[in-house]
Amino acid sequence: MKLISRPRRNRKNQQIRDLIAETSLTPQQLIYPVFLCEGKAQEQALKTLPGQCRYSVDVLSKKISHWKEFGLSHFALFPQIDESKKDPQGKEALNENGLLAQALKQLKDQHPEISFIADVALDPYSSDGHDGVVKNGQILNDESVELLAKMAVKQAAWGADWVAPSDMMDGRIGAIRQALDQEGFTETAILAYTAKYASSFYGPFREALASAPKAGDKKTYQMDPRNAQEALREARLDMAEGADMIMVKPGLAYLDIIYRLKQISEVPVAAYNVSGEYAMIQFAAQAGALDGDQAMMEMLMGFRRAGADTILTYFAPMAAKLLMAAK
Ligand code: PBG
């Protein structure tokens, strides 16, 4: 054949492929979401998230020392709250001696150079299992935002470097920014869950925290999976209200949303590689259906190629280890 262009020349060997690779991934770009539980010396394996555990604060602190060696320096904390401490207002979220308060204080003290991200939403603390306050079956927006702003200020005071509103109420980014600034927390950053979809891929996460809604679903606040245009609207609002980073969640079924937000964003874009996406690969690998490490890397690279600057992923330690070994 007389061919002028033979694209295969650029794929001839590993050296040429590495030379021209368009996308890269480093451990420094990863944020590791971790689950917390009460007590000491606790390491509770999670059945629907193979390889992930709920840790008590003392164990988590030791683990962080270990994960640091692989280049990880960002952790998102998710506390499991006992059912007996939940109420309709999610008051436990403001408890100065609660699990998250203790965790942030101790971890920040023991790992001052590490950044800790606290989730702002009522669901782990609410007896209704919703991200906002429920009244007569309705999720109240403005009343919820007031509580969420209080929650964010507390988290900042306990040592959170970032607060991450995952609730999808309208106007919460602006309200939280204002509340933080009023209390002098001008250095606390906001990672906004900007395009968060009503997704079945959160299943294992809700199992890990026993935080599933007791009634109804989250479709009146989380986005409709059929919509993309709406994500641009959410992004513009969150940026105008002061978000320091915007996030797309889940990631795998929403790569087009990552791509679109990256086109218009003035702030970095994060992708949340959620619990169900992690579980799919882990269970498929366990069943011998695919190579888990390779599938993980391919998926993470896909987020980066779509435009994600950073990735929240339960694969963080595994991916970081592999990346360090490949160096
Ligand atoms: C809580 C929250 C959820 C996740 C992160 N923060 C669940 C939900 O909205 O129901 C899901 C993360 C995951 O599945 O990995 N607002």
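Coordinates for the structure precede this section.
Now for a look at the structure at hand.

The rules behind these values
- The residue count restarts for each chain, going from 1 along the sequence in the order it is written.
- Thresholds applied to this predicted model are a pLDDT of at least 70 for local features of residues and 80 or more for the giving and counting of side-chain atom pairs; totals over whole chains, interfaces and linings are not thresholded and use all residues.
- With hydrogens and water set aside, each side-chain value is computed from the structure's full complement of heavy atoms.
- Labels follow the DSSP assignment, with helices taken as runs of H or I lasting at least four residues and strands as runs of E lasting at least two, numbered in each case from the N terminus.
- Expected span, for any helix, means 1.5 Å times one less than how many residues it has.
- Here's how the labels work: a residue is buried when its accessible area is under 20% of the maximum for its type, exposed when over 50%, partly exposed in between, all with a 1.4 Å probe on protein chains only.
- Residue contacts are counted whenever heavy atoms from the two residues lie within 4.5 Å of one another.
- Side-chain atoms alone can form a polar contact between residues adjacent in sequence; in general such a contact is a pair of N or O atoms within 3.5 Å, and within protein one must be able to donate a hydrogen while the other accepts it.
- We call a residue near a molecule or strand as soon as one heavy atom of that residue lies within 4 Å of the molecule or strand.
- Where accessible areas are quoted, they stem from the Shrake-Rupley method and a 1.4 Å probe; at the residue level, only the protein chains shown are allowed to cover.
- Polar here means any residue other than Ala, Val, Leu, Ile, Met, Phe, Trp, Tyr, Cys and Pro, which are nonpolar, and Asp, Glu, Lys and Arg, which are charged; Gly is therefore polar.
- Two strands are said to pair when DSSP picks up at least two bridges between them.
- Note on handedness: a clockwise path from strand one over the helix to strand two, with the strands aimed away from the viewer, defines a right-handed crossover.
- Criterion for a salt bridge: a side-chain nitrogen of Lys or Arg within 4 Å of a carboxyl oxygen of Asp or Glu.
- Here a Phe, Tyr or Trp ring, Trp counted by its six-membered ring, pairs with any other such ring whose centre lies within 6.5 Å, and the pair is stacked when the planes are under 30 degrees apart, edge-to-face when over 60, and tilted otherwise.
- Here, a charge over a ring is recorded when the distance from Lys NZ or Arg CZ to the ring centre is within 6 Å and its angle to the ring normal is within 35 degrees.

## Let's talk about helix α10 (residues 292-306)
1) Next: Taking 1.5 Å per residue, 15 residues should reach 21 Å; α10 reaches 21 Å between its end C-alpha atoms and fits that length.
2) Next: Along α10, the residues classified as buried are G292, A295, M296, M297, M299, L300, G302, F303, R304 and A306.
3) Next: Packed against the buried residues of α10 are α8 (255-264), β11 (269-273), α9 (275-286), β12 (310-313) and α11 (316-326).
4) Next: Two or three places before D293, at the start of α10, stands the capping residue D291, its side-chain oxygen 3.0 Å from that residue's backbone nitrogen.
5) Next: Once α10 ends, the next one or two residues include G307, with phi positive near 130 degrees.

## What about the site of the ligand?
1) Next: Surveying the vicinity of the ligand reveals 18 residues, the closest of which are K196, R206, K249, S275 and Y314.
2) Next: A distance of 2.9 Å separates a nitrogen atom of the ligand from a polar atom in the side chain of D131.
3) Next: Within the side chain of R206, one N or O atom sits 2.7 Å away from an oxygen atom of the ligand.
4) Next: Taking 400 Å² as the accessible area of the ligand by itself, protein coverage stands at 100%.
5) Next: Per-class residue counts for the shell around the ligand are eight nonpolar, three polar and seven charged.

## Description of the side chain of R177
1) Next: One can find R177 in helix α5 (residues 172-182).
2) Next: Of the residues examined, R177 reaches a relative accessible area of 14% and is grouped as buried.
3) Next: One polar contact links R177 to D181, side chain to side chain, over a distance of 2.9 Å.
4) Next: Residues within four places of R177 in sequence aside, it is in contact with F185, T186, T188, A189, I190, E241, G242 and D244.

## Some details on the pairing of strand β4 (residues 74-79)
It is a general feature of regular strands that their side chains alternate between the two faces of the sheet.
1) Next: The element β4 is extensively covered by neighbouring structure, given that five of its six residues are classed as buried.
2) Next: Relative to β4, strand β1 (residues 30-36) is paired through five bridges, and the arrangement is parallel. Following the sheet pairing, Y32 is matched in β4 by F75.
3) Next: Sheet topology note: the β4/strand β5 (residues 115-120) ladder contains four bridges and is parallel. When the sheet's bridge partners are listed, F75 is paired in β5 with F116.
4) Next: A crossover connection joins β4 to the parallel β5 through helix α3 (residues 99-110); in handedness this β-α-β unit is right-handed.

## Points about unusual backbone geometry
1) Next: The omega torsion of the bond from K249 to P250 falls at -10 degrees, within 30 degrees of zero and hence cis.
2) Next: By the element assignment, P250 lies in the loop between β10 (245-249) and α8.
3) Next: With a phi close to 55 degrees, A41 is a non-glycine residue in the positive phi region.
4) Next: Looking at the secondary structure, you find A41 in the loop between β1 and β2 (43-45).
5) Next: On the accessibility criterion, A41 (61% relative accessible area) is exposed.

## With respect to the pattern of salt bridges
1) Next: Applying the stated criterion across every chain yields a total of 16 salt bridges.
2) Next: We note a salt bridge from K262 to D309, for which the minimum N-O separation is 3.0 Å. Pair noted here: K262 is in helix α8 and D309 is in the loop between α10 and β12, with a separation of 47 residues, a long-range link.
3) Next: Take D309: its relative accessible area is 24%, and that puts it in the partly exposed class.

## Topic: the packing of aromatic side chains
1) Next: All told, the structure shown has 14 aromatic pairs when counted by the stated rule.
2) Next: Pairing Y32 with W67 gives two aromatic rings, centres 4.9 Å apart and planes at 80 degrees, and the pair type is edge-to-face. Of this pair, Y32 sits in strand β1 while W67 sits in helix α2 (residues 57-68), and the two are 35 residues apart along the sequence.
3) Next: Residue class for Y32 comes out buried when judged on its relative accessible area of 2%.
4) Next: One aromatic cluster is present, formed by F35, F78, Y193, F205, Y272, Y278, Y314 and F315 through successive ring pairs.
5) Next: Lying over the aromatic face of Y202, K249 brings its terminal NZ or CZ to 4.6 Å of the ring centre.

Spatial relationships are all this shows, so hold off on functional conclusions.
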